[in-house]
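# Topology and contacts: notes
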Amino acid sequence: MTVRQGSQGPATTVRATVVAGLRAVRWYVRQVMGDDAYATYAAHQRAVHPGGVVLTEREFWRMRHAEQDANPGSRCC
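What this report covers is the structure whose coordinates are included nearby. Nothing here was measured: the structure is a model prediction, and the numbers come from that model.

Applying the stated criterion across every chain, the model contains one salt bridge. In this structure, the salt-bridge partner of Arg 30 is Asp 36, at a minimum N-O distance of 2.6 Å. Here Arg 30 falls in the partly exposed class, since its relative accessible area comes to 24%.

Next up, the structure:
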């Protein structure tokens, strides 16, 4: 039996599926926890408002926490 170059065996396919699943779980957890919030904000500001002011990361988190403190019913805990 010969194996063609470029063909994937069952182990490679399973591994790729597991890796894709783990990446999806990682993305979901990061979204729920807000880990990407500043990066998402900065990318949006640069794309939609070119030449506009982008808050520093520290300013962004300070503003975000101030908004949550002003409306405590908007958060879960």
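Here we take up the packing of aromatic side chains. Applying the stated criterion across every chain, the model contains four aromatic pairs. Residues Tyr 38 and Tyr 41 carry aromatic rings whose centres are separated by 5.9 Å and whose planes lie at 45° to one another, so their mutual orientation is tilted. On the criterion of helical spacing, the pair formed by Tyr 38 and Tyr 41 is a turn pair, its members being three residues apart in helix H2 (residues 37-48). For Tyr 41, a relative accessible area of 17% translates into the label buried. Look at Tyr 38 and Phe 60: their rings are 5.5 Å apart centre to centre, the planes differ by 65°, and that puts the pair in the edge-to-face class. One end of the pair, Tyr 38, is in helix H2; the other, Phe 60, is in helix H3 (residues 57-70), and 22 residues separate them in sequence. Judged by relative accessible area, Phe 60 falls into the buried class, the value being 7%. One aromatic cluster is present, built from ring pairs that chain together Tyr 38, Tyr 41, Phe 60 and Trp 61.

What follows covers the nonpolar core. Counting residues in each nonpolar core, the largest one holds five residues, listed as Ala 37, Tyr 38, Tyr 41, Ala 42 and Phe 60. If you tally residues by element for this core, the top one is H2, at four residues.

This next bit is on a nonpolar patch on the surface. A surface patch of nonpolar side chains, amounting to about 680 Å² of accessible area, comprises Val 25, Trp 27, Tyr 28, Val 29, Val 32 and Met 33. Here Trp 27 is to be found in helix H1 (residues 10-33).

Rules behind the numbers
Residues numbered from 1 in each chain as written. Predicted model: local features only at pLDDT ≥ 70, side-chain atom pairs only at ≥ 80, totals over all residues. Heavy atoms only, no water. Salt bridge = Lys/Arg side-chain N within 4 Å of Asp/Glu carboxyl O. Buried < 20%, exposed > 50% of the residue type's maximum accessible area, 1.4 Å probe, protein only. Phe/Tyr/Trp six-rings, centres within 6.5 Å; stacked < 30°, edge-to-face > 60°. Helix = DSSP H or I, 4+ residues; strand = E, 2+ residues; numbered from the N terminus. Core = buried A, V, L, I, M, F, W, Y, C linked by side-chain atoms within 4.5 Å. Patch = residues over 30% accessible without salt bridge, like charges linked within 9 Å, V, L, I, M, F, W, Y side chains within 5 Å. Areas by Shrake-Rupley, 256 points an atom, 1.4 Å probe, with all protein chains shown as cover.

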